[in-house]
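Here's the letter readout for the chains.
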Amino acid sequence: MMTFANVLRVNVKKEFLELKRYFANTLSMILTMYFIFLGMFFGIQVVGDPADVATNTQYIIVNYVFWYLGMATLQSLGFTISQEAMRGTLEQLYMSPVSAWRILLARVSGMVFNHLFIIVFLLFASMLTTGEWLNLNPVAVVPILLLTVVSMIGVSFIVAGISVIVKQINAFLQILQFIIMAFAFIPLSVAPYLVFAPFVKGVDMTRQVMIHGYTLTDFTALDYIALVGNGIAYVAIGVVLYRTCEKIAMKKGLLGHY
Amino acid sequence: MESIIEVNGIRKVYKKRKSKEAFVAVDGISFQVGKGEIMGLLGPNGAGKTTTIKSICGLLVPNEGSISIHGYDSVNDRNKALRHISAVLEGNRNIYWRLTVFENLEYFAGNRGMSKKEILPYIEELLDMFHLQDKRNEVVNNLSRGMQQKLAICVAMMAGTDVILLDEPTLGLDVETGYEVREILKRIAFEEQKTIIISTHDMDVVQDLCNRTVIINQGKVIANEQVSKLLNLFKTSAYKIHLKESLTEEQVKHLEHKFPIHEWEGQILNVNLDHEEAIYDLMDILKMNRTSIETINQTEVNFEEVFMKLVKEEAVS
């Protein structure tokens, strides 16, 4: 346990340092995301029903924040593996006596932790821009958000598994952005079967809290089973798939290849 | 000498992507490496050095054979084996260029599960040893190639393992930094009793640092011998003969038949005698045309020549 705590500590620090050292990149990413939000916001002002503008804006804010979180989390490990293979540092990660999947778990956790600050900034920036203030009850939001992130991490491991074999996955990551967008924006009331898709249930529950003022006691046991089950299932599938791909890569000698 | 690494008959076959044709990268390679030994792993490009190194590191699973490090199988007990081994596989590309010297050392040690308390005193020790103390807060991107290479070795040392694998540790370094890196490696091996495997094309490094060398060619071990013994072996069998007149075509033909490894330039003949009696065969050929000999000298060989001769002999056979 202490070993993983040490791995986690250095990976959180490394993710922070890279965001700081590539400051221009980080800043342009934040600005791009903010401009995308402005586009969405002004879009619904023009084409949306004026009677529903307030509600639609609130929906847009929540969906947009989850879209950003989903993109950052789901793409993170695939991007890490692809980039580290290109830099020449990937094999060093596999030379550690700590299993690579644990190091990647620490890496994605570090990424989520650091990006949460950006998300909070974007959330407040978007609320300030629109003048629509959401219910930010941390007692309800934080546990749901963390469980939602668990299923995102699971999918991130699936992407990591693919990228450990096929390193050039940039085109796939771009397509993934639109799939994540669909999951973040489509409500469960429209497509109930999406409850089985990663993080959709979590986004739905967060909407209930932030827009409709739900508290944790307002959800049913079935809601929690779906949320927790979704997280466990995707993490289990993700880690098993990743480790299988890792074994294939080691047999075929693909680990350090780009 | 106690064996730390045992490579037993490893074979690795890759399938080419398009043709699905099998390509044998290493074919039944075996050798042992003892505690505190510096072993050179040599071979021409495509000989199978990288496959062997990566298999020892547990980054590649061989199709056949096994590798044990401190008794732990590199595939089945991979994590336990990796507690005893660290490597510099891609030189200065093995480190993060946007992190500082200190941050790199801290990151890679932490990634091995080491606590901050364990790491800090060791970082100071290594920064002193590698003369990087004044660069500790410098971003790697701003360092010279030599400094980056030293840091990559330092990162491998930071793991505190008793086995270190180095792939081309002096590649691209200037003479001064190359010398400094060699001195550091000598110190690590002798003072800290580390076992070091060096894969390199720099024969000066081998001659200067290695106790023993394993030479591989076309996936097979063609020599596994002490460096000093190989040098002696080739010293006693290599001769430079100054002739008074040039050789005839017939003599050259006979020489080519009897001594496949020879060079002939005007009136100077360089020849390798693979057994003591071969000198009489050589004399017979020279006598054919009553060619007079001016001098016969035993040739001083360096390791580069030894290597070239071994690889050529293997190619001929």
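All of these numbers come straight from a predicted model, not from anything done at the bench. (Residues numbered from 1 in each chain as written. Chains lettered and ligands numbered in written order. Predicted model: local features only at pLDDT ≥ 70, side-chain atom pairs only at ≥ 80, totals over all residues. Heavy atoms only, no water.)

Here's the deal with helix H3 (residues 53–87) of chain A
All names here are of chain A.
- Between its first and last C-alpha atoms H3 spans 47 Å; for 35 residues at 1.5 Å apiece the expected length is 51 Å, and the two agree.
- Of all bends in H3, the biggest is about 45°, found at serine 76.
- Most of H3 sits inside the fold, with 27 of its 35 residues counted as buried. (Helix = DSSP H or I, 4+ residues; strand = E, 2+ residues; numbered from the N terminus. Expected span 1.5 Å × (residues − 1). Bend = angle between axes of the 7 residues up to and from the residue. Buried < 20%, exposed > 50% of the residue type's maximum accessible area, 1.4 Å probe, protein only.)

Some thoughts on the sheet that holds strand E13 (residues 268–272) of chain B
Residue and element names in this part refer to chain B.
- Reading across from one edge, E12-E13-E11-E14 is the order of the four strands in this open sheet, with antiparallel pairing throughout. Two strands in the sheet have a free side with no partner beyond their single neighbour: strand E12 (262–265) and strand E14 (293–298). Across the sheet, the mean angle separating the axes of adjacent strands is 15° when strand polarity is ignored.
- The sheet contact formed by strand E11 (residues 238–243) and E14 spans five bridges and is antiparallel. Paired with histidine 242 across the strands is threonine 295, a residue of E14.
- Of the strands in this sheet, E11, E13 and E14 are in contact with helix H10 (residues 278–287), which crosses E14 at around 160°. (Pairing = 2+ DSSP bridges. Axes fitted to C-alpha atoms, helices over the stretch in contact; angles between N-to-C directions. Contact = heavy atoms within 4.5 Å.)

A look at the interface of chain A and chain B
- Taken residue by residue, the interface counts 35 residues in chain A and 39 residues in chain B.
- Between chain A and chain B, a total of about 3,200 Å² is buried, with carbon and sulfur atoms accounting for 53% of that surface.
- In this assembly, chain A and chain B are joined by four salt bridges.
- Between the two partners, chain A and chain B, sit 22 residue pairs in polar contact (both at pLDDT 80 or more).
- Secondary structure elements with two or more residues in the side of chain A that touches chain B: helix H1 (2–21), H3, helix H4 (90–94), helix H5 (100–130) and helix H9 (221–252) of chain A.
- A per-element tally of the side of chain A that touches chain B places H1 of chain A first, with 11 residues.
- Its residues assigned to classes, the side of chain A that touches chain B comprises 15 nonpolar, nine polar and 11 charged. (Buried area = accessible area lost by both parts, 1.4 Å probe. Salt bridge = Lys/Arg side-chain N within 4 Å of Asp/Glu carboxyl O. Polar contact = N/O pair within 3.5 Å; in protein donor to acceptor, adjacent residues only side chain to side chain. Nonpolar A, V, L, I, M, F, W, Y, C, P; charged D, E, K, R; others polar.)

What about the sheet that holds strand E1 (residues 3–15) of chain B?
Residues and elements named next belong to chain B.
- Here four strands make up an open sheet; going across it, the order is E2-E1-E4-E5 and the pairing antiparallel. Each end of this open sheet is capped by a strand with a single partner; those strands are strand E2 (22–34) and strand E5 (72–73).
- Bridge count between E1 and E2: 10 bridges; the pairing is antiparallel. Counterpart to serine 3 in the pairing with E2 is glycine 34.

Details of the pattern of salt bridges
- What the rule picks out here adds up to 18 salt bridges over all chains.
- Residue glutamate 91 of chain A is joined to lysine 54 of chain B by a salt bridge in which the shortest nitrogen-to-oxygen separation is 2.8 Å. Note that glutamate 91 of chain A is positioned in helix H4 and lysine 54 of chain B in helix H1 (residues 49–56), a pairing that runs across two chains. In this structure, glutamate 91 of chain A and lysine 54 of chain B share a single accessibility class: buried.
- A salt bridge links glutamate 180 of chain B to lysine 150 of chain B; the nearest nitrogen and oxygen atoms lie 2.8 Å apart. Placement of the pair is glutamate 180 of chain B in helix H6 (residues 175–192) and lysine 150 of chain B in helix H5 (residues 145–158), with a sequence separation of 30 residues.
- In this structure glutamate 180 of chain B comes out as partly exposed when scored by relative accessible area, which is 25%.
- One salt-bridge network, in which partners are shared between bridges, spans Arg11, Asp27, Glu64 and Lys220 of chain B.

Observations concerning the packing of helix H9 (residues 249–258) of chain B against H10 of chain B
Residues and elements named next belong to chain B.
- Running from N to C, H9 and H10 point in directions that differ by 165°, and their axes come no closer than 9 Å. Taken together, the axis directions place H9 and H10 in an arrangement best described as roughly antiparallel. With respect to the hand of their crossing, H9 and H10 are arranged in right-handed fashion. Where H9 abuts H10, its residues Gln251, His254, Leu255 and Lys258 lie against Asp281, Leu282, Ile285 and Leu286. (Parallel < 35°, antiparallel > 145°, perpendicular 65-115°, else oblique. Left-handed = near helix turned anticlockwise from the far one by under 90°.)

As for the packing of aromatic side chains
- Applying the stated criterion across every chain, the model contains 13 aromatic pairs over all chains.
- Where phenylalanine 41 of chain A meets phenylalanine 42 of chain A, the ring centres are 5.2 Å apart and the plane angle is 55°; that geometry is what we call tilted.
- Under the relative-accessibility criterion, phenylalanine 42 of chain A is labelled partly exposed at 48%.
- Taking the centre distance of 5.4 Å and the plane angle of 15° together, the rings of tyrosine 96 of chain B and phenylalanine 108 of chain B count as stacked. Of this pair, tyrosine 96 of chain B sits in the loop between strand E6 (85–88) and helix H3 (101–111) while phenylalanine 108 of chain B sits in helix H3, placing them 12 residues apart in sequence. Accessibility assignment for this pair places tyrosine 96 of chain B and phenylalanine 108 of chain B in one class, buried.
- It is lysine 14 of chain A that lies over the ring of tyrosine 96 of chain B; its NZ or CZ is 4.4 Å from the centre. (Phe/Tyr/Trp six-rings, centres within 6.5 Å; stacked < 30°, edge-to-face > 60°. Lys NZ or Arg CZ within 6 Å of the ring centre and 35° of its normal.)

Some thoughts on the pairing of E12 of chain B
All names here are of chain B.
- Where E12 and E13 come together, four bridges link them in antiparallel fashion. Bridging across to E13, glutamate 265 finds its partner in isoleucine 268.
- In textbook terms, the turn of a hairpin is the stretch between consecutive antiparallel strands, and for E12 and E13 this stretch comprises two residues, one of which, glycine 266, has a positive phi near 60°.

Concerning the domain arrangement of chain B
Residue and element names in this part refer to chain B.
- As assigned here, chain B comprises domain 1 (3–226) and domain 2 (231–316).
- For domain 1 and domain 2, the distance between their C-alpha centroids amounts to 38 Å.
- Every contact between the two is made by 11 residues of domain 1 and, on the other side, eight residues of domain 2.
- Both faces combined, the contact of domain 1 with domain 2 buries some 920 Å², and carbon together with sulfur accounts for 79% of it.
- Contact with domain 2 buries area across many residues of domain 1, yet Met203, Gln207 and Ile222 alone supply 52% of it, more than any other trio.
- On inspection of domain 1 and its partner domain 2, the count reaches zero residue pairs in polar contact (both at pLDDT 80 or more).
- The residue inventory of the side of domain 1 that touches domain 2, partitioned by class, reads seven nonpolar, four polar and no charged. (Domains from an automatic or database assignment.)

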